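# Structure assessment
Each chain is listed here by its residues.
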Amino acid sequence: MNNFSLETIKFDDRGLIPVVVQHAQTKEVLTVAYMNLESLKKTVETKQTWFFSRSRQELWNKGATSGNTQQVVAIRADCDEDSLVVEVLPKGPACHTGEVSCFHKEIVTPVQAVGSFGILANLVQVIQNREQSMPEGAYTTYLFEKGVDKIGKKIGEEATEVVIAAKNRDAEELQWEAADLLYHLLVLLQEQKVDLYDVLEVLQKRHEGKS
């Protein structure tokens, strides 16, 4: 709450403000809810999300009964200070249906693949699932079976191919080789039990001049 004070927040005539809840790491929008001044204060104080239920006309703490709590990382107001974005680390799904996000009903679907950072989170989950189930015939299973030496060797090979593609000024080849390198790096991180988000935290701290 460093960039604004609660006193400047603009609530509507019902004393409410709309809140977009966003995953602090994947940046996926999880849900939209409402807060009043009391629930906003509780959210700031407890670092857990508190909302105001318009149907029940009462405060509710997300996850109090389900266990699907949301640890607050940051809160931002828009330029008019009449709506909020709350970044959280969720423990479990945000939606009462069991879906990760309330926004799971597609109205318009992409006609072609659009690259986004969200694929990294998806790929991390797939790699984790592969390590747990070790499906026969899967390339990721093969890498885990062979271990760190094989995975490390593949990273070295893919890094070399990235450099060659760059030297050849071949943008399409570079895209493919860079994708291969990222994939094998994610496999290595999982094999070593190093969280990708911990790596990103190192980058964040360096960016902020903290290390």
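Just above, that's the structure.
Residues numbered from 1 in each chain as written. Predicted model: local features only at pLDDT ≥ 70, side-chain atom pairs only at ≥ 80, totals over all residues. Heavy atoms only, no water.

## Some words on helix α1 (residues 37-46)
Here is the rule: Exposure is judged per residue with a 1.4 Å probe applied to protein chains only, and the accessible area is read against the type maximum: over 50% gives exposed, under 20% gives buried, and values in between give partly exposed. For the purposes of this entry, the term helix denotes a DSSP run of H or I that reaches at least four residues, the term strand denotes a run of E that reaches at least two, and both are numbered from the N terminus. To be clear, the arc concerns the directions from the helix axis to the C-beta atoms. Every residue pair with non-hydrogen atoms within 4.5 Å of one another is taken to be in contact. Pairing of N or O atoms within 3.5 Å defines a polar contact, subject to two protein rules: one partner must be a possible hydrogen donor and the other a possible acceptor, and residues neighboring in sequence count only if both atoms are side-chain atoms.
Three or more residues of α1 are buried, namely Ser39, Leu40 and Thr43. Projected onto a plane normal to the axis of α1, the buried residues spread over an arc of 105 degrees and lie on a single side. Those residues of α1 that are buried are in contact with β2 (29-35), β3 (50-53), β4 (58-61), β5 (70-77) and β6 (84-90). Its side-chain oxygen at 3.2 Å from the backbone nitrogen of Glu38, Asn36 defines the N-terminal cap of α1.

## A look at the pairing of β5
Short version of the rule: Any two strands are treated as partners once DSSP identifies two or more bridges connecting them.
Of the strand pairs in this sheet, β5 and β6 are connected by seven bridges, and their pairing is antiparallel. Opposite Ala74, over in β6, you have Glu87 as the bridge partner.

## Some words on the packing of aromatic side chains
Here is the rule: Note on aromatic pairs: the rings of Phe, Tyr and Trp (six-membered ring only in Trp) are paired at centre separations within 6.5 Å, and the planes decide the class, stacked below 30 degrees, edge-to-face beyond 60, tilted for the rest. Remark: a charge is flagged as sitting over a ring if the NZ atom of Lys or the CZ atom of Arg is within 6 Å of the ring centre and within 35 degrees of the ring normal.
Going through the model one piece at a time under the given rule, you end up with three aromatic pairs. Here the aromatic rings of Phe51 and Trp60 are separated by 5.1 Å at their centres, their planes lie at 50 degrees, and the arrangement is tilted. Judged by its relative accessible area of 2%, Phe51 falls in the buried class. Taken together, the ring pairs in this structure connect Tyr139, Tyr142 and Tyr183 into an aromatic cluster. Against the face of Tyr34 rests Arg14, its NZ or CZ located 5.7 Å from the ring centre. Above the ring of Trp50, the side-chain terminus of Lys42 is found at 4.8 Å from the ring centroid.

## Overview of unusual backbone geometry
Unlike most non-glycine residues, Lys27 shows phi in positive territory, near 70 degrees. Mapped onto the secondary structure, Lys27 falls in the loop between β1 (17-23) and β2. The phi dihedral of Arg169 falls on the positive side, at around 55 degrees, and the residue is not glycine. Note that Arg169 resides in the loop between α4 (148-167) and α5 (171-191). Look at Arg169 and you get exposed, because its relative accessible area is 78%.

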